[in-house]
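Secondary and tertiary structure notes
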Amino acid sequence: MSLSGKRVAILLENIYEDQEFWYPYYRLKEAGAEVVVVAPKAGASYTSKHGYEAKSNAAAADVKGRDFDAVVIPGGYSPDHMRRVPAMVDVVRDAHDAGKVVAAICHGAWMLCSADVLKGRTVTCFFSIKDDVKHAGAEYVDREVVVDGNLVTSRFPADLPAFCEAIIAALQK
């Protein structure tokens, strides 16, 4: 189950959901992946919903989504801040267009909407944004994890074990 040699970007912005950032961060590192925290600014600290800080490694403007094997988008309210930064959206779109794994949990699906990668896809997300994903062209389903091609989506923190398992499985293909 080693992800040695795999590079994964985890996106970061203020008001991120603590569990949805830290659980994949450590799970992917434990599996052997190189995890790079990508945010609007490199070396900056971003605060979670519960006051925990995380520090970015790279600025979105300085990376390409295709340079990673996967891009993970945590939820909370951070995706609403992420989507205001064109370079953050570009990372998601570029990874998707290159066929890389793009994984979004909870409100992370907002970034999939903004990146315009949902037409004809089946996804899940936090129920309050299901209309957004539908309007972006996706079919919404209420399941703990949905894998549709290179997209991996989940609903909320309780889905994290299935979400991370699906990301790891997709990276091993």
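My aim in this report is to walk through the structure given alongside it, one point at a time. Given the structure is predicted, the values throughout are model-derived calculations rather than measurements.

Turning our attention to the overall build of the protein chain. Across its full length, the protein chain carries six helices and eleven strands. If you line up the protein chain on its principal axes, its C-alpha atoms span 35 × 35 × 30 Å. Across the 173 residues in the protein chain, those meeting the buried criterion constitute 55%. The contacts of the protein chain with a sequence gap of at least 6 include a subset with a gap of at least 24, amounting to 64%. Charged side chains in the protein chain number 20 positive and 23 negative. The centres of these two groups are separated by 3 Å.

This part is about the sheet that holds strand E1 (residues 7–11). Within the open sheet, the seven strands sit side by side as E5-E2-E1-E6-E7-E11-E10. Their pairing is mixed. The open sheet has two edge strands with one neighbour each: strand E5 (58–59) and strand E10 (145–148). Bridge count for strand E2 (residues 34–39) against E5 is two bridges, and the pairing is parallel. Considered in E5, the bridge of valine 38 is made with alanine 58. Together, E1, strand E6 (70–73), strand E7 (101–105), E10 and strand E11 (151–154) form the strand contacts of helix H6 (residues 160–171), whose direction differs from that of E7 by roughly 175 degrees.

Counting 35 residues, the largest nonpolar core has Leu11, Val38, Ile73, Val92, Leu112, Leu118 and Val133 as its most contacted members. Within the residue set of this core, elements represented by two or more residues are E1, E2, E6, helix H3 (86–97), E7 and helix H4 (109–114). Looking at this core, the element that brings in the most residues is H3, giving six residues. Residue contacts for valine 133: discarding those within four places in its chain leaves Ala109, Cys113, Leu118, Val123, Cys125, Ala138 and Tyr140. If you look at the next biggest cluster of nonpolar residues, it comprises 30 residues, including Phe21, Cys106, Cys164 and Leu171.

Attention now goes to H3. The terminal C-alpha atoms of H3 lie 16 Å apart, and with twelve residues this matches the ideal 16 Å at 1.5 Å per residue to within 8%. Every buried residue of H3 is listed here: Ala87, Met88, Val89, Val91, Val92, Asp94, Ala95 and His96. One or two steps after H3, the chain reaches glycine 99, where phi turns positive at roughly 80 degrees.

In this section: the side chain of aspartate 148. Along the chain, the position of aspartate 148 falls in strand E10. Looking at aspartate 148, its side chain comes within polar contact range of the main-chain nitrogen of threonine 122, at 2.7 Å. Residues within four places of aspartate 148 in sequence aside, it is in contact with Gly120, Arg121 and Thr122.

In an α-helix there are 3.6 residues to a turn, and that puts residues three or four apart on one side. If you check H6, its first and last C-alpha atoms are 16 Å apart, about what twelve residues at 1.5 Å a residue would give, namely 16 Å. The set of residues buried in H6 consists of Leu160, Ala162, Phe163, Cys164, Ala166, Ile167, Ile168 and Leu171. Against E1, helix H1 (18–30), E6, E7, E10 and E11 lie the buried residues of H6.

Evaluation of the coordinates by the stated rule reveals zero disulfides. Of all cysteine sulfurs in the structure, the one in cysteine 125 sits closest to cysteine 106, which takes part in no disulfide; the separation is 8.4 Å. Of all cysteine sulfurs in the structure, the one in cysteine 106 sits closest to cysteine 164, which takes part in no disulfide; the separation is 14 Å. Judged by its relative accessible area of 1%, cysteine 164 is buried.

As a further point, take the side chain of aspartate 159. Relative to the helices and strands, aspartate 159 resides in the loop between E11 and H6. With relative accessibility at 2%, the residue aspartate 159 sits in the buried group. In this structure, aspartate 159 is in contact with Arg143, Glu144 and Ser154, ignoring residues within four places of it in sequence.

Conventions used here
Residues numbered from 1 in each chain as written. Predicted model: local features only at pLDDT ≥ 70, side-chain atom pairs only at ≥ 80, totals over all residues. Heavy atoms only, no water. Helix = DSSP H or I, 4+ residues; strand = E, 2+ residues; numbered from the N terminus. Buried < 20%, exposed > 50% of the residue type's maximum accessible area, 1.4 Å probe, protein only. Contact = heavy atoms within 4.5 Å. Lys, Arg positive; Asp, Glu negative; His and termini not counted. Charge placed at Lys NZ, Arg CZ, Asp CG, Glu CD. Pairing = 2+ DSSP bridges. Axes fitted to C-alpha atoms, helices over the stretch in contact; angles between N-to-C directions. Core = buried A, V, L, I, M, F, W, Y, C linked by side-chain atoms within 4.5 Å. Expected span 1.5 Å × (residues − 1). Polar contact = N/O pair within 3.5 Å; in protein donor to acceptor, adjacent residues only side chain to side chain. Disulfide = S-S within 2.5 Å.

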